Amino acid sequence: MSWFRCIVGDVRGGGRLLRGLPQSPGLPQRTPRCFLSRGPGPGPPGPGLRTRVGVGLLVGGGLLAAWWFVDSEKRQNQRRRRVEQLKQVSLGQGVFSLLDHRGQRRTKADFLGRWVLLYFGFTHCPDICPEELDKLSAAVSALDRDASMPPVQPVFITVDPERDDAAALDRYVKDFHPRLIGLTGTPEEVKHAGRDYRVYASAGPKDEDGDYIVDHTILIYLISPDGLFLDYYNRMKSQDQITESVRNHIKNYEQLDPQPEGP
Ligand SMILES: [Cu+2]
């Protein structure tokens, strides 16, 4: 088979080969020069548009996968570093084993994998504990209404195990959030749980009715699904401030840990 070959530039200098241009003899050397060739055919046509797009997509996809891998590695490393830093804070590092308001034994491990808002108080507290638990419950309810947020578990641990048995807690938690878990135990168990969060609690003198007030730390603690203390909220924090803070903690945490949580 024969066809025309066209060369741009000086043939002796190894000019660029063009294929299929019409024959145009007598043109200056630097313009395409075409001549009849009897060599092998031009072969199959070069890569088509579809092939080039396919290759482009493959290369792009490969780069994207590499970027994703590096990025997720980076986030995992950030997460590991943060967990180590939080462990050094050494708040809430121990384990507790207490009875819930239904009489079931609950340990700290039962709450792993869940966000927890934790408050220490006592059911006979005249004003502060109800106010703080109202705030805590309202923050949990606000987060419940946000479909992008995982459920946050509200927990109340008594500092007054003498009066707050499971039955008393059962009556009390109903006044706040439907998911609120009340926890109690022996004085030693309760003291141990409180000490872990550096909670101060001291019962005052009894009045003629045997009633007494317990002076105690007033803080709401935020615990991550790793069981680590992340933040605390004092009485000055409003329900909206708590909600916003918890929301931000959850968002930051999920950015560091893109894997979905287990059941
Ligand atoms: Cu109180």
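The structure displayed is predicted, hence computed values, not measured ones.

1. Considering the packing of aromatic side chains
Tallying each qualifying case throughout the model produces 10 aromatic pairs. Measuring from centroid to centroid gives 5.5 Å for Phe156 and Tyr172, while their planes differ by 45°, and the two rings are tilted. Separated by 16 residues along the polypeptide, Phe156 in strand S7 (residues 152-158) and Tyr172 in helix H3 (residues 166-173) bring together distant segments of the chain. For the residue pair Phe156 and Tyr172, the accessibility class agrees, reading buried in each case. We note Arg163 situated over the ring of Tyr212; from NZ or CZ to the ring centre the distance is 3.5 Å.

2. A few points about the UniProt feature "transmembrane region" (unreviewed entry) in the chain
Here the UniProt feature "transmembrane region" (unreviewed entry) sits at residues 53-70. For residues 53-70, the helix share is 100%, the strand share is 0%, and the end-to-end C-alpha distance is 26 Å.

3. Notes on the coordination of the copper ion
For the copper ion, the full set of protein donor atoms is Cys125 (SG), Cys129 (SG) and His216 (NE2), at a range of 2.2 to 2.3 Å. Linear spacing of the donor residues for the copper ion on their chain is C-x3-C-x86-H. Given the relative accessible area of 0%, Cys129 is considered buried.

4. Let's talk about the confidence of the model for the chain
With 73% of its residues at a pLDDT of 70 or more, the chain shows a mean pLDDT of 81. Across residues 1-41, confidence stays below pLDDT 50; counting only partners more than four residues off in sequence or on other chains, it has 63 contacts. Note that residues 259-263 has pLDDT below 50 and, in this model, five contacts with residues that lie over four places away or in other chains.

5. Overview of H3
The complete set of buried residues in H3 reads Ala166, Ala168, Leu169, Tyr172 and Val173. Around the axis of H3, the buried residues are gathered within 155° of arc, so they sit on the same side. The inward-facing, buried residues of H3 contact strand S4 (97-100), helix H2 (128-144), S7 and strand S8 (181-184).

6. Regarding the UniProt feature "binding site: Cu cation" (unreviewed entry) in the chain
The UniProt record marks Cys125, Cys129 and His216 with the feature "binding site: Cu cation" (unreviewed entry), using the residue numbering of this structure. In three dimensions, the annotated residues from a span of 92 residues occupy one location, with a maximal C-alpha spread of 10.1 Å. Along the chain, Cys129 turns up in helix H2. In this structure, Cys129 is in contact with Tyr119, Gly121, Phe122, Tyr172 and His216, ignoring residues within four places of it in sequence. Turning to its location among the elements, His216 is positioned in strand S10 (residues 214-216). Apart from residues lying up to four places away in sequence, His216 is in contact with Tyr119, Phe120, Gly121, Phe122, Cys125, Cys129, Val159, Tyr200 and Ala201. Separated by 3.5 Å, the side chain of His216 and the backbone oxygen of Phe120 make a polar contact.

7. Focus: the side chain of Thr123
Mapped onto the elements, Thr123 comes out in the loop between strand S6 (115-121) and H2. Note on Thr123: relative accessible area 16%, which makes it buried. At 3.4 Å, the side chain of Thr123 forms a polar contact with the side chain of His124. Once you skip the residues sitting within four places of it in the chain, Thr123 turns out to touch Phe156, Asp164, Ala168, Leu169 and Tyr172.

8. A closer look at the sheet that holds S7
Spatial strand order, S5-S4-S8-S7-S6-S11-S12: seven strands in an open sheet with mixed pairing. Sheet topology places strand S5 (105-107) and strand S12 (229-233) at the edges, where each strand pairs with a single neighbour. Here the strands of the sheet are splayed against their neighbours by 35° on average, with no regard to which way each runs. Alignment of S4 against S8, held across two bridges, turns out to be antiparallel. If you follow Asp100 over to S8, its bridge partner there is Leu183. Packing against the sheet, H2 makes contact with S6, S7 and strand S11 (220-223), and its axis sits at approximately 170° to S6.

Cut-offs and rules
- Residues numbered from 1 in each chain as written.
- Predicted model: local features only at pLDDT ≥ 70, side-chain atom pairs only at ≥ 80, totals over all residues.
- Heavy atoms only, no water.
- Phe/Tyr/Trp six-rings, centres within 6.5 Å; stacked < 30°, edge-to-face > 60°.
- Helix = DSSP H or I, 4+ residues; strand = E, 2+ residues; numbered from the N terminus.
- Buried < 20%, exposed > 50% of the residue type's maximum accessible area, 1.4 Å probe, protein only.
- Lys NZ or Arg CZ within 6 Å of the ring centre and 35° of its normal.
- UniProt positions renumbered as here; feature names shortened; annotations may be inferred.
- Donors = N, O, S within 2.8 Å, 3.2 Å for Na, K, Ca; no water.
- pLDDT = per-residue confidence, 0-100.
- Contact = heavy atoms within 4.5 Å.
- Arc of directions from axis to C-beta.
- Polar contact = N/O pair within 3.5 Å; in protein donor to acceptor, adjacent residues only side chain to side chain.
- Pairing = 2+ DSSP bridges.
- Axes fitted to C-alpha atoms, helices over the stretch in contact; angles between N-to-C directions.

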